[in-house]
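Here are the chains, one letter per residue:
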Amino acid sequence: MKNVIDETLNLHYGQEDKHKTLENVKKNISFKGANLWILACAIIVASVGLNINSTAVIIGAMLISPLMGPIVGSGFALGIYDFELLKRSLRNLLVATLVGLSFSALYFYISPFKEAQSEILSRTSPNIYDVLIAFFGGVVGVIAVTRVEKGNPIPGVAIATALMPPLCTAGYGLATGHYRFFFGSLYLYSINCVFICIATYAIVKFLKYPAKQTEIKHKNRVKYGITGLVILMLVPSAYFAYSLYYQQKFKESINTFIEKEFNAEGTTLIYKKTNYNSNPKTIELAFLSRRFTPNELQKLNKDLNHYGLDNTKLIIRQDSGFNLQNIKKDILNEVRVSDTILNEKDIHIKLLEAQIAKNTFDNKQILKETNAIFPVITSLSLANHTFFTDTDSSFTKTILIYTAKKKLSTNDKEKFTNWIKQRLMVTSLEIHEE
């Protein structure tokens, strides 16, 4: 039984000749001729994929990218203490990185589409999970490299570890001046490079490749260097993972709070906006018709602590609801009723019609017109709202809430606001994206 288990778990089974494997690794390090052309084309393909938000195109770029070569070479060099090979690998990795940044930055500088798509945004905030993906993906990759039969893992490793997209995202950050994107994606790229290299080092040591240098000082230098790199990469990524966890927990607590305090009572929520990064954190809500007294608002803010929402402030945008006496006066003035006595049913109908006319628009028609100018907007809702102040005065404001396939740029949002004002002939307008 022990022999069966040993044979099943034996990583030496099916292994390629060590000398031959090392020669293959050395051949894939250099970025000259065909490799350089392939890298440049892969960078452009990946940049286009990020620009048009196409996952399939990005995957294609990852499959044709030769970036793994010098990273695996670095891992092998560390594993056998071949510092000349390490210098060559790092030099070629630096060349590949600079070429990647240059070509991607040039593409995004020329491209007329500067909007950051979801594929770009997803590669700007790395965390501990990216470390795990890079390390275990690297383990699979180097095991495949050392086999006689390479099999299918190599393409999967290229996709999972995703070296090309974060490098191109860094180029996007350079081209557009979004330096937070640049440093975030470059950090993700560094995580992938470092932990693929460390995974390679670990497998090379496990498979007992013969060392070129045998002096203790060289071995200690490599161990200390790897330890320092691991700490340098892990500390920020652990912090980002911690922040991501609590941000997700914050959103879940808000949903629980809304469900129990409002939805369970049949209160209709029409607007929600949260800000996790402010101090205190904020929750903005608006409801279809319900109004809250100052005491109710104070109690709701205190109840936030019961839902784990410490250091959080609840802001409720109040709606005026029906003011029947004022509406009745307006209707009577409009229809100029002098001698005709209207029954209660007719008055009630007129009141409702006047309220609807005042506070609603032909949203369906406005959406059609909006789509002709701003195709990315998928839905919208318009209504007039009357707000009351603590001095017993009031004012009416037109509120527009919309959803879009992608976030409008500052310029487009300004154009959209001006067009809506002209279309509705209103002066007071507030726009929110859902």
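Anyway, here's the lowdown on the structure attached to this text. (Residues numbered from 1 in each chain as written. Predicted model: local features only at pLDDT ≥ 70, side-chain atom pairs only at ≥ 80, totals over all residues. Heavy atoms only, no water.)

## Concerning the pairing of strand E3 (residues 312–317)
Here's step 1: Along E3, the buried face is formed by Thr 312, Leu 314 and Ile 316; none of Lys 313, Ile 315 and Arg 317, which line the opposite face, is buried.
Here's step 2: Here 6 bridges tie strand E2 (residues 281–287) to E3, and the two strands are oriented parallel to one another. Looking across to E3, one finds that Thr 282 is bridged to Lys 313.
Here's step 3: Crossover handedness for the path E2 to helix H13 (residues 294–303) to E3: right-handed. (Buried < 20%, exposed > 50% of the residue type's maximum accessible area, 1.4 Å probe, protein only. Helix = DSSP H or I, 4+ residues; strand = E, 2+ residues; numbered from the N terminus. Pairing = 2+ DSSP bridges. Right-handed = clockwise from strand over helix to strand, strands pointing away.)

## Quick word on the sheet that holds strand E5 (residues 394–404)
Here's step 1: In space, the 3 strands of this open sheet follow the order E4-E5-E6, with mixed pairing throughout. Strands at the two margins of the open sheet, each flanked by one partner only, are strand E4 (377–388) and strand E6 (429–433). With direction set aside, neighbouring strand axes in the sheet form an average angle of 25°.
Here's step 2: Sheet topology note: the E4/E5 ladder contains 11 bridges and is antiparallel. Within the sheet, the bridge partner assigned to Phe 388 lies in E5 and is Ser 394. (Axes fitted to C-alpha atoms, helices over the stretch in contact; angles between N-to-C directions.)

## Considering the sheet that holds strand E1 (residues 269–275)
Here's step 1: Read from one edge of the open sheet, 3 strands run E1-E2-E3, paired in mixed fashion. Both outer strands of the open sheet, E1 and E3, are each paired with one neighbouring strand and no more. Each strand axis lies, on average, 15° off the axis of its neighbour in the sheet, ignoring direction.
Here's step 2: In the sheet, E1 pairs with E2 via 6 bridges, with the strands oriented antiparallel. Each bridged residue has a counterpart across the sheet, and for Lys 272 the counterpart in E2 is Leu 285.

## What to know about the packing of aromatic side chains
Here's step 1: In the structure shown here, the tally under the stated rule is 12 aromatic pairs.
Here's step 2: Ring centres of Phe 182 and Phe 183 lie 5.0 Å apart, and the angle between their planes is 75°; on these two criteria the pair is classed as edge-to-face.
Here's step 3: Linked through ring pairs, Tyr 107, Phe 108, Tyr 172 and Phe 181 together constitute an aromatic cluster.
Here's step 4: Just above the ring of Tyr 209 sits the side chain of Lys 18; from NZ or CZ to the centre is 5.5 Å. (Phe/Tyr/Trp six-rings, centres within 6.5 Å; stacked < 30°, edge-to-face > 60°. Lys NZ or Arg CZ within 6 Å of the ring centre and 35° of its normal.)

## What to know about unusual backbone geometry
Here's step 1: Positive phi is not limited to glycine here, since Asn 53 has a value of about 60°.
Here's step 2: Note that Asn 53 resides in the loop between helix H3 (34–51) and helix H4 (55–64).
Here's step 3: The class for Asn 53 is partly exposed, based on a relative accessible area of 28%.

## Considering the environment of Tyr 246
Here's step 1: Locating Tyr 246 in the fold gives a position in helix H12 (residues 216–261).
Here's step 2: With 30 residues separating them along the chain, Tyr 246 and Tyr 276 place their C-alpha atoms 9.5 Å apart.

## Re the side chain of Glu 119
Here's step 1: By secondary structure assignment, the location of Glu 119 is in helix H7 (residues 118–121).
Here's step 2: In this structure Glu 119 comes out as buried when scored by relative accessible area, which is 13%.
Here's step 3: Within the structure, Glu 119 has its side chain in polar contact with the side chain of Thr 55 (distance 2.6 Å).
Here's step 4: Setting aside residues no more than four positions away along its own chain, Glu 119 makes contact with Leu 50, Asn 53, Thr 55 and Ile 58. (Polar contact = N/O pair within 3.5 Å; in protein donor to acceptor, adjacent residues only side chain to side chain. Contact = heavy atoms within 4.5 Å.)

## Digging into the pattern of salt bridges
Here's step 1: Tallying each qualifying case throughout the model produces 4 salt bridges.
Here's step 2: A salt bridge links Glu 119 to Arg 123, with the shortest nitrogen-to-oxygen separation between them at 2.8 Å. (Salt bridge = Lys/Arg side-chain N within 4 Å of Asp/Glu carboxyl O.)

## What about the nonpolar core?
Here's step 1: Counting 62 residues, the largest nonpolar core has Leu 39, Leu 67, Phe 76, Leu 163, Met 164 and Phe 195 as the members making the most contacts within it.
Here's step 2: Apart from residues no more than four positions distant in its own chain, Leu 67 is found in contact with Phe 31, Leu 39, Ala 96, Leu 163, Met 164, Leu 167 and Tyr 189. (Core = buried A, V, L, I, M, F, W, Y, C linked by side-chain atoms within 4.5 Å.)

## With respect to the side chain of Asp 130
Here's step 1: Tracing the sequence through the fold places Asp 130 in helix H8 (residues 128–145).
Here's step 2: Here Asp 130 occupies a buried position and makes no salt bridge, while the nearest side chain of opposite charge, Arg 123, is found at 8.2 Å.
Here's step 3: For Asp 130, the residues in contact, after removing those within four places along its chain, are Leu 188, Ile 191 and Asn 192. (Lys, Arg positive; Asp, Glu negative; His and termini not counted.)

## Quick notes on the packing of H3 against H4
Here's step 1: The geometry of H3 relative to H4 is characterised by a closest axis approach of 8 Å and an angle of 165° between their N-to-C directions. Of the possible angle classes, the one that applies to H3 and H4 is roughly antiparallel. Note on packing geometry: the crossing formed by H3 with H4 is left-handed. Each of Ile 38, Ala 42, Val 45, Ala 46, Gly 49 and Leu 50 in H3 lies in contact with H4, whose residues at this interface are Val 57, Ile 58, Ala 61 and Ile 64.
Here's step 2: Across the contact of H3 with H4, the residue classes tally to 9 nonpolar, 1 polar and no charged. (Parallel < 35°, antiparallel > 145°, perpendicular 65-115°, else oblique. Left-handed = near helix turned anticlockwise from the far one by under 90°. Nonpolar A, V, L, I, M, F, W, Y, C, P; charged D, E, K, R; others polar.)

Take it as geometry only, folks, not as evidence of what the structure does.
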